[in-house]
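# Tertiary structure, described
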Amino acid sequence: MMQAEDARYLKRKVKGGSIDVHPTEKALVVNYELEATILGEMGDPMLGERKECQKIIRVKGLHENSDLSTLAKEIIEKCKLIHPSKLPEVEQLLYYLQNRKETAPPKASGKTKLSDKPGDPAFSDGSEINEVANINDVDDYLEMLYEELPEKVKGCALILQLARNPDNLEELFQNETVVSALVRLLREEWKRSTDLATNIIYIFFCFSSFSSFHAVILHFKMGTLCMTIIQHELKKHELWQDELNKKKKAADTDKNNTKLRDDYEKSLKKYEGLVRKQEQLLRVSYYLLLNLAEDLSVELKMRNKGVVKMLVNTLDRNNFELLILVVSFLKKLSIFIENKKEMVDLNIVEKLTKLIPCDHEDLLNITIRLLLNLSFDPDIRSKIIKYGLLPKLVNLLTNENHRLMVLCILYHISMDDKAKSMFTFTDCFPIVMKLLLESPETPDIELLALCINLASNKRAAQIICEGQGLKLLMKRAFKFKDPLLIKMIRNLSQHSGPTKNLFIDYIPDLCSHVLDWDNEEFSLECLGILGNLTIPELDYELILKEYNLIPWIKGKLQSGSAEDDVVLDVVILVGTVCSDDACAKLLADSNIIHLLIELLNAKQEDDEVVCQIVYVFYQMIFHEATREIIIKETQAPAYLIDLMHDKNAEIRSVCDNTLDMIGEFDEEWATKIQLEKFRWHNSQWLEMVESRQVDEFADPSYMYPDEPGFDPYLQDADILDRPDLFYGYDNTGHLTPEYIDDAGMYSDFYSQQPYGYEPDDPYVRPEAHLGFIRDAHQGDLYGRGMDPYEQDYGQYVNGDQEKSPMYRDYGYR
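Residues numbered from 1 in each chain as written. Predicted model: local features only at pLDDT ≥ 70, side-chain atom pairs only at ≥ 80, totals over all residues. Heavy atoms only, no water.

Where an unreviewed UniProt entry is consulted, the protein chain appears under the name Kinesin-associated protein 3-like isoform X2, with the organism given as Biomphalaria glabrata.

A few words now on the overall build of the protein chain. Tallying secondary structure elements over the protein chain gives 39 helices and seven strands in all. Going through the 813 residues of the protein chain one by one, you find that 47% of them count as buried. Residue pairs in contact within the protein chain that sit at least 24 positions apart in sequence constitute 68% of those at least 6 positions apart. Here the protein chain has roughly 42,600 Å² of accessible surface; of this, 49% comes from carbon and sulfur atoms. (Helix = DSSP H or I, 4+ residues; strand = E, 2+ residues; numbered from the N terminus. Buried < 20%, exposed > 50% of the residue type's maximum accessible area, 1.4 Å probe, protein only. Contact = heavy atoms within 4.5 Å. Areas by Shrake-Rupley, 256 points an atom, 1.4 Å probe, with all protein chains shown as cover.)

Cis geometry is found at the peptide bond from Ile356 to Pro357, where omega equals -5 degrees. In this fold, Pro357 is placed in the loop between helix 15 (348-352) and helix 16 (361-374). At Lys481, a residue that is not glycine, the phi angle is positive and equals roughly 50 degrees. With respect to the helices and strands, Lys481 occurs in the loop between helix 24 (469-480) and helix 25 (483-493). On the basis of relative accessible area, Lys481 is assigned to the partly exposed category, the value being 27%. Phi at Asn591 takes a positive value of approximately 70 degrees, unusual for a residue other than glycine.

Considering all chains together, one arrives at 11 aromatic pairs under this definition. A network of ring pairs unites the aromatic residues Phe173, Phe204, Phe207, Phe210 and Phe213 as a single cluster. (Phe/Tyr/Trp six-rings, centres within 6.5 Å; stacked < 30°, edge-to-face > 60°.)

Our focus in this paragraph is the pattern of salt bridges. Applying the stated rule across the entire model yields 26 salt bridges. Between Glu233 and Lys236 there is a salt bridge, and its shortest N-O distance comes to 3.5 Å. Taken as a pair, Glu233 and Lys236 lie in helix 9 (residues 222-253) at a separation of three residues, close to a single helical turn. Relative accessible area serves as the criterion here: at 23%, Lys236 is assigned to the partly exposed category. For the salt bridge of Lys481 with Asp518, the shortest nitrogen-to-oxygen distance reads 3.2 Å. Of this pair, Lys481 sits in the loop between helix 24 and helix 25 while Asp518 sits in the loop between helix 27 (507-516) and helix 28 (520-532), placing them 37 residues apart in sequence. One salt-bridge network, held together by shared partners, links Lys487, Arg490, Glu525 and Asp569. (Salt bridge = Lys/Arg side-chain N within 4 Å of Asp/Glu carboxyl O.)

Right, let's talk about helix 16 for a bit. Helix length check: helix 16, at 14 residues, gives a terminal C-alpha distance of 20 Å against a target of 20 Å (1.5 Å per residue), a fit within 8%. Counting buried residues along helix 16, 11 of its 14 residues qualify, which places the element largely inside the surrounding structure. Its buried side turned inward, helix 16 meets helix 13 (320-333), helix 14 (337-345), helix 15, helix 17 (378-386), helix 18 (389-395) and helix 19 (403-414). (Expected span 1.5 Å × (residues − 1).)

Counting across every chain of the model gives four cavities of 30 Å³ or more. Estimated volume of the largest cavity: approximately 90 Å³. Broken down by secondary-structure element, the contributors of at least two residues to the lining of the largest cavity are helix 27, helix 29 (540-546) and helix 31 (564-577). Looking at the lining of the largest cavity residue by residue, the class counts come to 11 nonpolar, no polar and no charged. (1 Å grid on protein atoms, 1.4 Å probe; cavity = no way out; pocket = protein on both sides within 12 Å on 5 of 7 lines; lining within 4 Å. Points joined across faces, edges and corners; volume = space filled by probe spheres on them. Nonpolar A, V, L, I, M, F, W, Y, C, P; charged D, E, K, R; others polar.)

Counting 203 residues, the largest nonpolar core has Phe204, Tyr286, Ile348, Leu410 and Ile553 as its most contacted members. Among the elements that line this core, the one with the most residues is helix 7 (residues 194-208), at 10 residues. For Phe204, the residues in contact, after removing those within four places along its chain, are Val179, Leu182, Val183, Ile217, Met222 and Leu288. (Core = buried A, V, L, I, M, F, W, Y, C linked by side-chain atoms within 4.5 Å.)

Before going further, it helps to examine the confidence of the model for the protein chain. The share of residues in the protein chain with pLDDT of 70 or more is 77%, and the mean pLDDT across the chain is 80. The model gives residues 697-717 a pLDDT under 50, and that stretch makes 24 contacts with residues more than four places away or in other chains. (pLDDT = per-residue confidence, 0-100.)

Another aspect to go through is the UniProt feature "transmembrane region" (unreviewed entry) in the protein chain. Sites flagged by UniProt as "transmembrane region" (unreviewed entry) map to residues 200-220. For the annotated span residues 200-220, helix accounts for 71% and strand for 0% of the residues, and the straight-line distance between the end C-alpha atoms is 13 Å. (UniProt positions renumbered as here; feature names shortened; annotations may be inferred.)

Moving on: the environment of Trp190. Here Trp190 lies in the loop between helix 6 (176-189) and helix 7. A residue is classified by how much of its surface remains accessible, and Trp190, at 9% relative accessible area, is buried. Separated by 11 residues in sequence, Trp190 and Ile201 have C-alpha atoms that sit 9.9 Å apart.

Right, let's get into the side chain of Thr626. If you trace the backbone, Thr626 turns up in helix 35 (residues 624-632). In this structure, Thr626 is in contact with Ala584, Lys585, Ala588 and Met620, ignoring residues within four places of it in sequence.

It is worth spelling out a negative patch on the surface at this point. Residues Asp139, Asp140, Glu143, Glu147, Glu148 and Glu151 make up a contiguous surface patch of negative charge. Among the elements that make up the negative patch, the one with the highest residue count is helix 3 (residues 138-144) (three residues). Tracing the sequence through the fold places Glu147 in the loop between helix 3 and helix 4 (149-163). Under the relative-accessibility criterion, Glu147 is labelled partly exposed at 45%. (Patch = residues over 30% accessible without salt bridge, like charges linked within 9 Å, V, L, I, M, F, W, Y side chains within 5 Å. Lys, Arg positive; Asp, Glu negative; His and termini not counted. Charge placed at Lys NZ, Arg CZ, Asp CG, Glu CD.)

On to the side chain of Ser590, then. Its place among the elements puts Ser590 in the loop between helix 32 (581-589) and helix 33 (592-602). Classification of Ser590 as buried rests on a relative accessible area of 15%. If sequence neighbours within four positions are ignored, Ser590 has contacts with Ile550 and Lys554.

Right, let's talk about the packing of helix 9 against helix 10 (residues 258-292) for a bit. Between helix 9 and helix 10, the least distance of the axes is 9 Å, while the angle of their chain directions is 160 degrees. Between helix 9 and helix 10, the crossing angle belongs to the class labelled roughly antiparallel. Classified by chirality, the crossing of helix 10 by helix 9 is left-handed. (Axes fitted to C-alpha atoms, helices over the stretch in contact; angles between N-to-C directions. Parallel < 35°, antiparallel > 145°, perpendicular 65-115°, else oblique. Left-handed = near helix turned anticlockwise from the far one by under 90°.)

Take the environment of Gly388 next. Inspection of the secondary structure assignment puts Gly388 in the loop between helix 17 and helix 18. Taking relative accessible area as the criterion, Gly388 reaches 29% and is therefore assigned partly exposed. The spacing of Gly388 and Thr353 is 35 residues in sequence and 8.0 Å in space, taken between C-alpha atoms.

Here we come to helix 4. Between its first and last C-alpha atoms helix 4 spans 21 Å; for 15 residues at 1.5 Å apiece the expected length is 21 Å, and the two agree. Across the 15 residues of helix 4, 11 count as buried, placing the element largely inside the fold. Residues of helix 4 that are buried: Leu149, Lys152, Val153, Gly155, Cys156, Ala157, Leu158, Ile159, Leu160, Leu162 and Ala163.

This brings us to the state of the cysteines. One pass over the structure, following the stated rule, counts zero disulfides. With no disulfide of its own, Cys451 lies 7.6 Å from the sulfur of Cys428, the closest cysteine sulfur. Exposure remark for Cys451: the relative accessible area of 2% places this residue in the buried category. With no disulfide of its own, Cys511 lies closest to Cys526 among cysteine sulfurs, the gap being 9.5 Å. (Disulfide = S-S within 2.5 Å.)

Shown next, in the form of structure tokens:
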């Protein structure tokens, strides 16, 4: 084994290789081989190593009028790696670069592979040196860090060359002197030189690419220092812009003043150079922070120091590489609601409008992904529409690279009812229909979800069904039996107007699929479409008879025979067909009403089913043939009275309308309904009167209502037959048609009734729902061991069945 003291000499040998042009930049790539050999004391080789290297020679000054021969000679003189004999080859390569077209950013067309992360930062101007760095000369580079500023920049550039090779990182990082010197130099001199700051931060960026180095980077507080530098640079940029705008305004004001114009153009050129260097610094700084932010605790510290505001302010730049990095960072931060709220406050949506669309494919992709993260917020969705992004997003559906993400954003937007109508002002429907009809057997779930939402808008449904639209959708739905596609068609069928009439031609197919029930999800949607076809001209009786639907309906209405969603759609279908007089009579004769009442008992907690069953009763009341069956032969009115005070507003509304219809055709039920409404409206007043009577008759002898000489209790009498409750007494003890109100004033009976009751006005129920007692031993009104015609019809919460037979006059015994 070789001992350290045996090594006396180091011999380096450089062997030139081929020369080529850079694939994207105006530069030559020189390939060479570096051979390092350690010689012993006697001069014999003890250890050797070879390494393939490259050197990039940028020729940014190359233009169409350049003297290629002179430029080639200058390159060979400065670069010792190129042998003078290769002068003709260098001239030929320069000629190729001179005539090669500039490589434009990839445009957003066709499907290409997109990058998931930003590319590594490019070399800055301060890193472009002709010398090739060697890991064995690190101590020399360290000494340069203590020289003048140009030497410091050069020393950092040489160390950066080494750091860009991952093989050198471990050795560099173990050299604590170098790392400490770089940190100290950045803290002290970053304001003096942008190139110096860029090179040092770039070195630490190379370290940050590996998580194992993060702890030491954080120990030196490089993240905090980078944020300080970024904040300073952003402020400098604002000052540059203000100064440049002033000079531009002065030049525009006095257009004949050539001095002002020249001064502006000179300042503009200087500004562009400064911005280019600054953006290199910002990019490498943001990239270092992004790598460190993989630790959420570190990311939280960055957020508290204002990294979100810095990133959003940087969105105003035009550098594609910098913007990709900034948007990627914002996308990572946007998954937390606190960061998202701050982005909204900084009006990020407006800043993103200039990036959608853009010519740079990777930037466009990452911007759409950021917008998708933000679109979960309803306020941001409204801003997307406000700033005109909706038509731009719709047009991107033709780009296969971004289609899936755009569909997700459009789906989020379509969740808002107000936004659905905005789609009608775009080219969304032709594009979406084309994608849907040309897709394979199973379309993208995002595409179908968007179509289902849009179909619930009336105007959108009309556009979709125009021409052959509905026919093509129906044909595809019946061919593949796609439940989601038929759900979209069901949404189309719910709109009134000419759209609904288009479904008449498909009734046979819909009925056949309903009866087959081989594909439950598909058949359920077909059933829903039939329930939506409320068309007055349609002969429902013929449909029921031709397809023998009544036995099928009765089977589904049997308790426990079908799932709740199936039962609900069957009840909706019954309500739809009951609008026809003959059809309602046919269903009533088939004992459907009794089945619905039994279903009402079983599903009393399901508001949707209850509401639809009450609606069926409402439809049947309109027909003379079924009205008598509802009123005389069923218990439906009693159930409707009980549901009149349900907590669900829709159920109360339908019950009120149905009871009003019953009251018009049956006087006995009209009286019962009126009394129930009176008691409900004046419940508090009645409680007060009842409690007052109990206080007056505190003697036990008065507690027996059947004893002669005493008036019965309020609970045992018909309230409407007690005039003493509505009239006061005068000074002589006689009844008077006036009563004393709370203020002690006499009021006319017809101008003000107790608790706002007016005979000619509709009944208005209080907001509170007192409810009825459900006696576990005797049963309740919904048939659990109790018949409404055999027991008292309901007791109030504080009532007593034996002492309060309020409803015995109804004949329910």
